[in-house]
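Residues per chain are reported as follows:
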Amino acid sequence: MFCDRRTFRVLLHNSDEGISSSILAARLKVLVTAGMLTAAEDPSHQQRVTYSLTEEAIDLTETIVHLGAWGARHFEEVNEIGGKLLDLERRGPEAIRKFADRLRSAHLATTSLPRTSSGGSA
């Protein structure tokens, strides 16, 4: 949501948590099944899937900003995402709304065929 990491490889290699590939795959599958993400085949690469936020996920933006900013304030080390969350919260509700609108433009305007949670085309 806050770093525009939309493919498995980018999510895996840029993970602040150092997540394993099997755990990432399981979490992405759960998020797709729960309706928080969609998965679409990338027409430029047969094995690449691009993940996009759904409206339901984007609707959580304000809540996630406040929870993440709280976490960033209460832990010693603030990473890239924590800094972005603190900045968004500091700029206020209008900045958060504009950020959510940018997410809608980027994530809800996909033209690729969505994939089902089992990996096949829908």
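For the structure itself, consult the block above.
Residues numbered from 1 in each chain as written. Predicted model: local features only at pLDDT ≥ 70, side-chain atom pairs only at ≥ 80, totals over all residues. Heavy atoms only, no water.

Describing the pattern of salt bridges
All told, the structure shown has 10 salt bridges when counted by the stated rule. A salt bridge links E55 to R104; the shortest N-O distance between them is 2.9 Å. Of this pair, E55 sits in helix 3 (residues 55-58) while R104 is found in helix 6 (residues 93-107), placing the two residues 49 residues apart along the sequence. Relative accessible area serves as the criterion here: at 33%, E55 is assigned to the partly exposed category. (Salt bridge = Lys/Arg side-chain N within 4 Å of Asp/Glu carboxyl O. Helix = DSSP H or I, 4+ residues; strand = E, 2+ residues; numbered from the N terminus. Buried < 20%, exposed > 50% of the residue type's maximum accessible area, 1.4 Å probe, protein only.)

Considerations on the packing of helix 4 (residues 61-74) against helix 6
Each pair of packed helices can be summarised by the angle the axes make with each other and by the distance between the axes. Viewed as axis vectors pointing N to C, helix 4 and helix 6 meet at an angle of 120 degrees, and their least axial separation amounts to 9 Å. Here helix 4 lies oblique to helix 6, going by the angle between them. Taken as a pair, helix 4 and helix 6 cross one another with a handedness that is right-handed. Touching T61, E62, V65 and H66 of helix 4 are I96, F99, A100 and L103, all from helix 6. Taken together, the residues of the contact of helix 4 with helix 6 sort by class into five nonpolar, two polar and one charged. (Axes fitted to C-alpha atoms, helices over the stretch in contact; angles between N-to-C directions. Parallel < 35°, antiparallel > 145°, perpendicular 65-115°, else oblique. Left-handed = near helix turned anticlockwise from the far one by under 90°. Contact = heavy atoms within 4.5 Å. Nonpolar A, V, L, I, M, F, W, Y, C, P; charged D, E, K, R; others polar.)

A short note on the layout of surface pockets
Its volume calculated, the largest pocket comes out at about 1100 Å³. M1, F2, L11, E17 and I81 are, among the 31 residues lining the largest pocket, the residues nearest its centre. Going through the elements one at a time, helix 2 (21-33), strand 2 (49-53), helix 4 and helix 6 are the ones with two or more residues in the lining of the largest pocket. Considering each element in turn, the lining of the largest pocket owes the most residues, five residues, to helix 6. Looking at the lining of the largest pocket residue by residue, the classes come out as 19 nonpolar, five polar and seven charged. (1 Å grid on protein atoms, 1.4 Å probe; cavity = no way out; pocket = protein on both sides within 12 Å on 5 of 7 lines; lining within 4 Å. Points joined across faces, edges and corners; volume = space filled by probe spheres on them.)

Quick word on the side chain of S15
Considering the arrangement of structural elements, one finds S15 in the loop between helix 1 (8-13) and helix 2. Reaching out from S15, the side chain makes a polar contact with the backbone nitrogen of G18 at a distance of 3.1 Å. (Polar contact = N/O pair within 3.5 Å; in protein donor to acceptor, adjacent residues only side chain to side chain.)

As for the side chain of R6
As for its placement among the helices and strands, R6 is situated in the segment before helix 1. For the buried R6, no salt bridge is present, and the opposite-charge side chain at shortest range is D4, 4.3 Å distant. Within the structure, the side chain of R6 is placed 3.4 Å from the backbone oxygen of A106, a separation counted as a polar contact. (Lys, Arg positive; Asp, Glu negative; His and termini not counted.)

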